[in-house]
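Here is how the chains run, residue by residue.
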Amino acid sequence: MKIIHESLLLDMKKLTAEDRATMNETILEQHSKDESHHSPVMPDVVVFPISKEEVASILKFANVHQIPVVPFGVGSSLEGHCIPLKGGISIDFQLMNQVIEVRPEDFLVRVQPGVTRTQLNQALKKYGLFFPVDPGADATIGGMAATNASGTTSVRYGIMRDQVRDLEVVLADGTIIHTGGLAAKSSSGYHMTGLFVGSEGTLGLFTEITLKVYGIPEHIAAGRATFPSIKEAVDGAISLLSAGIQVARVELVDPYSIHQVNKHSETDYPELPTLFLEFHGNEAGLKHDIQFAIELLEANGCNGLLFETDSKKRAILWEARHQLAYAFKHGHPGKEMMLTDVCLPLSELSGTVVYARNVIDQSGLVGGVLGHIGDGNFHSILMFNKKDPVEVKKANDVNEKIVEYALAKGGTCTGEHGIGIGKMKYLKKEHKDTLPLMKMIKQQLDPGHILNPGKIL
């Protein structure tokens with residue numbers, strides 16, 4: 001087996017460069033996992049391409065020799081997407097990290113897949129533009145497109161699929177295609193871009209991505225509102241949306257999660273069901289929106305409300321929210337973190353969030369409920385000891401109960417994390433009519449099943 005691996009390494013070095021393919025144990029270990037609780041699996045070799053031509057040559061070789069290929073961004077995914085379940089080649093896109101072209105008059109930008117969200121916004125800032133999709137982690141644009149990521153701002157700006165105009169994709173046999181164009185809309189043919197966004201590296205590998213971008217808002221205000229109960233907090237959020245207020249972010253954090261935030265970030269927020277809010281717009285419009293929001297929230301039982309317009313104070317507020325997963329990890333050393341990720345119609349949201357909190361409490365596990373409540377997407381964080389079979393079963397049971405409840409209410413098993421490894425068993429229930437079509441598409445584009453095998457299907 002070692003001889004086979006070393007031969008593969010030599011082949012990859014020929015296709016790229018001597019110093020851009022490796023079997024170094026530390027690098028293999030880094031590419032064996034993501035931030036999920038799923039067990040690591042080592043790739044046979046890690047390759048760092050610098051061009052679409054190199055990616056195409058790697059895939060041609062892998063297709064001929066039936067070697068699994070798994071794309072890797074920064075490893076921030078939460079459902080095991082970049083774990084090479086069958087070994088093979090891990091393609092790391094960190095060297096393909098160029099912002100190729102900014103088209104400010106078209107509100108478009110073209111990037112390589114290894115560009116991170118923060119890097120992109122730094123490049124856009126001088127044009128007065130920004131890219132809004134914010135999953136919390138400083139993920140790569142390629143990874144975000146592959147998982148159809150969303151995050152805190154999706155309530156106003158939409159999810160990743162709404163932003164992608166065109167993809168340059170290398171197919172399993174090394175063919176390079178483009179899926180879209182630069183126009184804002186098209187009625188021409190099947191929507192191939194939408195098919196590839198969210199395909200989790202199972203249909204092709206992205207080498208360029210063209211994205212829609214937005215003007216930086218003139219004014220931004222952030223707020224924090226507390227409520228006596230989760231139901232009142234959720235109902236308060238829905239009232240804002242019903243009123244047509246231009247909310248850019250509305251995030252729910254339950255009391256136990258606020259407790260973790262206070263410990264980790266050294267804040268002193270009241271440990272009550274809390275909405276973190278943000279409004280984008282012009283100064284006059286924001287004043288009106290905030291006043292109207294205050295009236296609506298108080299009518300829904302809000303018992304504490306604070307707004308900030310200072311950029312530093314806003315950053316502190318959102319940093320606490322974005323660090324929440326790490327707050328749970330650091331607050332419970334030795335335990336793994338499992339995150340459910342369901343999305344529901346807004347009319348079913350309040351009851352499902354309350355149900356999730358009750359299920360966690362009944363399990364006896366440490367956990368919290370939080371999420372992008374404005375678009376019906378929420379997460380349940382579960383902390384468990386991976387070496388304790390009883391706790392593992394409890395965590396899996398809680399996850400399953402919440403997902404099954406969401407599906408029964410017309411929701412989805414994953415709003416933004418993707419299927420990966422952990423949600424495959426729910427796909428048949430959610431998409432029983434179209435799952436056979438998905439398998440046909442996979443078979444047509446990747447008949448050898450070399451692209452990220454063991455994921456989605």
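For the structure given in this document, a descriptive report is provided here. All figures in this text were calculated on a predicted structure; none of them were measured in a lab.

**Topic: the overall build of the chain**
Working step 1: In terms of helices and strands, the chain carries 17 helices and 18 strands.
Working step 2: The C-alpha atoms of the chain give 22 Å as radius of gyration, which agrees with the globular expectation for 457 residues (23 Å, within 12%).
Working step 3: If you line up the chain on its principal axes, its C-alpha atoms span 65 × 55 × 45 Å.
Working step 4: Evaluated residue by residue, the chain yields a buried proportion of 53% over its 457 residues.
Working step 5: Of the contacts formed within the chain by residues at least 6 apart in sequence, a portion of 71% connects residues at least 24 apart.
Working step 6: About 19500 Å² of surface is accessible on the chain, with carbon and sulfur atoms providing 53% of the total.
Working step 7: Across the chain, 44 positive and 54 negative side-chain charges occur, with their mean positions spaced 3 Å apart.

**A few points about the sheet that holds strand β15 (residues 304-308)**
Working step 1: Taken in spatial order, the seven strands of this open sheet run β15-β12-β14-β13-β17-β18-β16, and their pairing is antiparallel. The strands lining the two open edges of the sheet, one partner per strand, are β15 and β16 (336-343). Mean inter-strand twist for the sheet, computed between neighbouring axes without regard to direction, equals 15°.
Working step 2: Bridge analysis of strand β13 (residues 247-253) against strand β17 (residues 366-372) gives two bridges, and the strand direction is antiparallel. Across the sheet, the residue bridging to Val253 is Leu370, located in β17.
Working step 3: Packing of helix α12 (residues 311-322) onto the sheet brings it into contact with β12 (219-226), β13, β14 (274-281), β15 and β17, and relative to β12 it is tilted by some 55°.

**Some details on the packing of helix α14 (residues 346-363) against helix α15 (residues 389-408)**
Working step 1: Their axes nearest at 10 Å, the elements α14 and α15 cross at an angle of 165°. The orientation of α14 with respect to α15, classified from their angle, is roughly antiparallel. When you trace α14 past α15, the crossing you get is right-handed. Contacts from Gly351, Thr352, Tyr355, Ala356, Val359, Ile360 and Ser363 in α14 reach Lys394, Val398, Lys401, Ile402 and Tyr405 in α15.
Working step 2: A breakdown of the residues in the contact of α14 with α15 according to their chemical character gives seven nonpolar, three polar and two charged.

**Focus: the nonpolar core**
Working step 1: Counting 48 residues, the largest nonpolar core has Leu275, Val353, Ile373 and Phe378 as the members making the most contacts within it.
Working step 2: When residues no more than four places from it in sequence are discounted, the contact partners of Val353 are Ile230, Val234, Leu252, Val369, Ile373 and Phe378.
Working step 3: Counting 27 residues, the second-largest nonpolar core is a separate cluster that includes Phe131, Ala139, Ala149 and Leu167.

**Brief notes about the pairing of strand β18 (residues 377-384)**
Working step 1: With respect to burial, β18 is a largely interior element, eight of its eight residues being buried.
Working step 2: Covered by surrounding structure in β18 are Asn377, His379, Ile381 and Met383 together with Phe378, Ser380, Leu382 and Phe384, the residues of both alternating faces.
Working step 3: Summarising the sheet, β16 and β18 pair through eight bridges and their orientation is antiparallel. By the bridge assignment, Val342 is partnered in β18 with Phe378.

**Focus: the pattern of salt bridges**
A pair can form between side chains of opposite charge whenever their charged atoms are brought close.
Working step 1: Per the counting criterion, the structure on display carries 19 salt bridges.
Working step 2: Across the pair Glu278 and Arg249 runs a salt bridge, and its minimum N-O distance is 3.0 Å. With Glu278 in strand β14 and Arg249 in strand β13, this residue pair connects regions lying 29 residues apart in the sequence.
Working step 3: Judged by its relative accessible area of 12%, Arg249 is buried.
Working step 4: Linking Asp254 and Arg357 is a salt bridge whose minimum nitrogen-to-oxygen distance equals 2.5 Å. Of this pair, Asp254 sits in the loop between β13 and α10 (255-265) while Arg357 sits in helix α14; the two residues are 103 residues apart in sequence, bridging distant segments of the chain.

Conventions we followed
Residues numbered from 1 in each chain as written. Predicted model: local features only at pLDDT ≥ 70, side-chain atom pairs only at ≥ 80, totals over all residues. Heavy atoms only, no water. Helix = DSSP H or I, 4+ residues; strand = E, 2+ residues; numbered from the N terminus. Rg over C-alpha atoms; globule rule 2.2 N^0.38 Å. Buried < 20%, exposed > 50% of the residue type's maximum accessible area, 1.4 Å probe, protein only. Contact = heavy atoms within 4.5 Å. Areas by Shrake-Rupley, 256 points an atom, 1.4 Å probe, with all protein chains shown as cover. Lys, Arg positive; Asp, Glu negative; His and termini not counted. Charge placed at Lys NZ, Arg CZ, Asp CG, Glu CD. Pairing = 2+ DSSP bridges. Axes fitted to C-alpha atoms, helices over the stretch in contact; angles between N-to-C directions. Parallel < 35°, antiparallel > 145°, perpendicular 65-115°, else oblique. Left-handed = near helix turned anticlockwise from the far one by under 90°. Nonpolar A, V, L, I, M, F, W, Y, C, P; charged D, E, K, R; others polar. Core = buried A, V, L, I, M, F, W, Y, C linked by side-chain atoms within 4.5 Å. Salt bridge = Lys/Arg side-chain N within 4 Å of Asp/Glu carboxyl O.

Distances and angles like these do not, on their own, reveal function.
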